[in-house]
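# Structural overview for review
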Amino acid sequence: MAAEKLVYLPDPKLRRVSAPVSRSDAELKALVQTMFDTMYDAAGIGLAAIQIGVEKRVVTIDLAGKDEEPQPLVLVNPEIVTVSDELSVYDEGCLSIPDYYEEVERPAKVLVRYLDVEGETRELAAEGLMATCAQHEIDHLNGVLFIDHISRLKRDRVVKKFEKARAMGELPSFPKRGRGGEPDGDEG
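Calculation notes
All residue numbers refer to positions counted from 1 along the written sequence of the respective chain. Owing to the predicted nature of the model, reporting of local features is limited to residues with pLDDT of at least 70; listing and counting of side-chain atom pairs is limited to 80 or more, with chain, interface and lining totals taken over all residues. For the side-chain quantities, the full set of heavy atoms in the structure was used; hydrogens and water were omitted. Only DSSP runs of H or I reaching four residues or more are called helices, and only runs of E reaching two or more are called strands; each is numbered from the N terminus. Here the globule rule reads 2.2 Å times residues to the power 0.38, and the radius of gyration is calculated from C-alpha atoms. With a 1.4 Å probe rolled over the protein chains alone, any residue whose accessible area is under 20% of its type maximum counts as buried; one over 50% counts as exposed, and the rest are partly exposed. Note on definitions: a residue-residue contact is assigned when non-hydrogen atoms from the two residues lie within 4.5 Å. Each accessible area is a Shrake-Rupley result for a 1.4 Å probe, and residues are judged covered by the shown protein chains and nothing else. Counting rule applied: Lys, Arg positive; Asp, Glu negative; His and chain ends not counted. We put the charge of a Lys on NZ, of an Arg on CZ, of an Asp on CG and of a Glu on CD. Any Lys or Arg side-chain nitrogen found within 4 Å of a carboxyl oxygen on Asp or Glu counts as a salt bridge. DSSP calls a pair of strands paired once it identifies at least 2 bridges connecting them. Every angle, taken between N-to-C directions, lies between 0 and 180 degrees, and every axis is a line fitted to C-alpha atoms, over only the stretch in contact when it is a helix. Each residue gets a pLDDT score, which is the predictor's confidence in that residue and runs from 0 to 100.

### Observations regarding the overall build of the chain
From N to C terminus, the chain includes three helices and nine strands. Shown N-terminal to C-terminal, the secondary structure of the chain runs as helices and strands in the order α-β-β-β-β-β-β-β-α-α-β-β. Rg of the C-alpha trace for the chain: 16 Å, near the compact-globule value of 16 Å for 188 residues, within the 12% margin. Once the C-alpha set of the chain is aligned to its principal axes, its extents read approximately 50 × 40 × 35 Å. Taking all 188 residues of the chain together, the buried fraction comes to 44%. The contacts in the chain between residues at least 6 apart in sequence include a share of 61% that link residues at least 24 apart. Surface summary for the chain: the accessible area is close to 10,500 Å², and the carbon and sulfur share equals 48%. Considering the chain, the positive charge centre built from 24 side chains and the negative charge centre built from 35 side chains are found 6 Å apart.

Okay, structure coming up:
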């Protein structure tokens, strides 16, 4: 399979609620392979099917570093069953909002129930980066973006920048981030 084109902000598809997958079949397995190809090609750690324009409740995740053995994980029809009271903050980004990062506060631990590609029910007790990534991708399935978890002012600014860039037929650029999440250089 080959990588697909990503859907970028402000495309309204990103706000659609994805439909549940009714069965495990060759079509689902082909979609999963395309999603992994796309995610790896874009150097991402997570991808929801809607990010390639497919309105199905499917998520791919792989947190392995570039020098580590891949650890692909597929979540079909995932739902968050429980969340911890404890919160954590991560500097999140998104393949559909390239080169833009903001700190987002989410539950530090979650329990996710999902189906694997064979249709078997599984549960994932996640914490740290896995918990953040699972929540981020499940949000996508519900039409929610990580920028919905930041201030309205910041969200409006990034959306306007993407709308303007889209009208010009390009993607916007953002300041490179240095250590500690601070912008590195001019805000250009």
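### Details of the pattern of salt bridges
When the charged atoms of two side chains lie near each other, side chains of opposite charge can form a pair. Following the criterion strictly, the structure yields eleven salt bridges and no others. When the shortest N-O distance is used, the salt bridge between arginine 16 and glutamate 55 registers 2.9 Å. Placement of arginine 16 in the segment before helix 1 (26–41) and of glutamate 55 in the loop between strand 1 (46–48) and strand 2 (58–61) is noted, with a sequence separation of 39 residues between them. By sharing partners, the salt bridges in this structure join Glu92, Arg106 and Asp139 into a single network.

### Regarding the environment of leucine 124
Take leucine 124: it is sitting in strand 7 (residues 121–127). C-alpha separation for the pair leucine 124 and valine 110, spaced 14 residues apart in sequence, amounts to 8.0 Å.

### With respect to the sheet that holds strand 3 (residues 73–83)
Strand order in this open sheet of five strands is 1-2-3-6-7, and the pairing throughout is antiparallel. Pairing within the sheet leaves two strands with one partner each, and these edge strands are strand 1 and strand 7. Pairwise comparison of adjacent strand axes, ignoring direction, gives a mean angle of 40 degrees for this sheet. Inspection of the sheet shows strand 6 (residues 109–115) paired to strand 7 by seven bridges, in the antiparallel sense. Residue arginine 113 lies in a different strand from strand 7, and its bridge partner there is glutamate 123. On top of the sheet, helix 2 (residues 128–141) reaches strand 1, strand 2, strand 3, strand 6 and strand 7; it is set at about 125 degrees to strand 7, its chief contact.

### Details of unusual backbone geometry
Between leucine 9 and the following residue, proline 10, the backbone shows a cis peptide bond with an omega angle of 10 degrees. Mapping proline 10 onto the fold places it in the segment before helix 1. In the Ramachandran plot, aspartate 99 falls in the positive-phi region, its phi being about 65 degrees despite a non-glycine side chain. Residue classification places aspartate 99 among the partly exposed residues on the basis of a relative accessible area of 42%.

### Considering the confidence of the model for the chain
On average, residues of the chain score 92 in pLDDT, and 93% of them reach the 70 mark or higher. Here residues 178–188 is modelled with pLDDT under 50, and outside its nearest four sequence neighbours on either side it reaches twelve contacts, counting other chains as well.

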